[in-house]
Amino acid sequence: MSNSTIRYSLADVAKYNGKNGARTWIVIHDNIYDVTDYMQQHPGGPELIDDYAGKDATSGFDEFGHSSDATKMLKKYLVGELEDVSIH
Ligand code: HEM
């Protein structure tokens, strides 16, 4: 983790739920991704991602067993990291 990484709480992420013009953010392994521009191209369809809009999508992402290509694609959409929950 670098100091330049922007930290957000899960409450911040929840605002980006894709509703009413909001963008769609999801969390995978404590990293936060803005997948708004990717959802329509998702091979599994946009709905699967929308189910996790504004939430932690780690279980959904891992349960499908995405390819390493899919994991690499995520990097492009990274917007920040979850803040350290242990300090609260
Ligand atoms: C949010 C939770 C997600 C769930 C539950 C999910 C689920 C799935 C499912 C079920 C498929 C299979 C579709 C099919 O074969 O018909 C799939 C494929 C795929 N998904 Fe997702 N997905 C999620 C997020 C993402 C994200 C964020 C990315 C990349 C930015 C991604 C990239 C891909 C790719 C590239 C494939 C094609 C197969 C592969 O390369 O693994 N998915 N996904």
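Scroll up to find the structure.
Residues numbered from 1 in each chain as written. Predicted model: local features only at pLDDT ≥ 70, side-chain atom pairs only at ≥ 80, totals over all residues. Heavy atoms only, no water.

Turning to the site of the ligand, a few remarks are in order. As a structural note, the neighbourhood of the ligand is formed by 18 residues, with Tyr38, His42, Phe64, His66 and Ser67 the closest of them. Note that a nitrogen atom of the ligand is positioned 2.8 Å from one of the side-chain N or O atoms of His42. In the environment of the ligand, an oxygen atom lies 2.5 Å from a nitrogen or oxygen atom belonging to the side chain of Ser67. Because more than half of its atoms lie within 2 Å of the grid, the ligand is assigned to the largest pocket. Mapped by element, the contributors of at least two residues to the shell around the ligand are helix 2 (46–50), helix 3 (58–64) and helix 4 (68–74). Grouping the amino acids of the shell around the ligand by side-chain chemistry returns 13 nonpolar, five polar and no charged. (Near = heavy atom within 4 Å. Polar contact = N/O pair within 3.5 Å; in protein donor to acceptor, adjacent residues only side chain to side chain. 1 Å grid on protein atoms, 1.4 Å probe; cavity = no way out; pocket = protein on both sides within 12 Å on 5 of 7 lines; lining within 4 Å. Sits in = over half its atoms within 2 Å of the grid points. Helix = DSSP H or I, 4+ residues; strand = E, 2+ residues; numbered from the N terminus. Nonpolar A, V, L, I, M, F, W, Y, C, P; charged D, E, K, R; others polar.)

This paragraph deals with the nonpolar core. Grouped together as the largest cluster of nonpolar side chains are twelve residues: Ile26, Ile28, Tyr33, Val35, Tyr38, Met39, Ile49, Ala57, Phe61, Ala70, Leu74 and Tyr77. At the level of elements, strand 2 (25–28) and helix 4 are the ones that each hand at least two residues to this core. Setting aside its immediate chain neighbours within four residues, Ala57 contacts Ile26, Val27, Ile28 and Tyr52. Counting residues in hydrophobic clusters, the runner-up holds six residues, among them Tyr8, Val13, Trp25 and Ile32. (Core = buried A, V, L, I, M, F, W, Y, C linked by side-chain atoms within 4.5 Å. Buried < 20%, exposed > 50% of the residue type's maximum accessible area, 1.4 Å probe, protein only. Contact = heavy atoms within 4.5 Å.)

Taken together, the protein ligands of the iron atom of the ligand are His42 (NE2) and His66 (NE2), with distances of 2.0 Å. Given six donor atoms and angles of 86 to 179 degrees at the metal, the environment of the iron atom of the ligand is assigned as octahedral. Remark: His66 occurs in the loop between helix 3 and helix 4 and His42 occurs in the loop between strand 3 (31–34) and helix 2; sequence separation between them is 24 residues. Residue classification places His66 among the partly exposed residues on the basis of a relative accessible area of 25%. (Donors = N, O, S within 2.8 Å, 3.2 Å for Na, K, Ca; no water. Tetrahedral: all angles 85-135°; square planar, octahedral: opposite > 155°, others 65-115°.)

In this section: the layout of surface pockets. If a probe the size of a water molecule is rolled over the atoms, the empty space left behind becomes visible. One number sums up the size of the largest pocket: a volume of about 490 Å³. What lines the largest pocket is a set of 20 residues, among which His42, Ile49, Phe61, Phe64 and His66 lie closest to the centre. Only strand 2, helix 2, helix 3 and helix 4 provide two or more residues apiece to the lining of the largest pocket. Broken down by class, the residue content of the lining of the largest pocket amounts to 15 nonpolar, four polar and one charged. By volume, the second largest pocket is sized at about 150 Å³. Lining the second largest pocket, in full, are Ile28, His29, Asn31, Tyr33, Phe61, Asp62, Ser68, Thr71, Lys72, Leu74, Lys75 and Leu78. If you list the elements that add at least two residues to the lining of the second largest pocket, you get strand 3, helix 3 and helix 4. By residue number, the principal contributor to the lining of the second largest pocket is helix 4, which donates four residues. (Points joined across faces, edges and corners; volume = space filled by probe spheres on them.)

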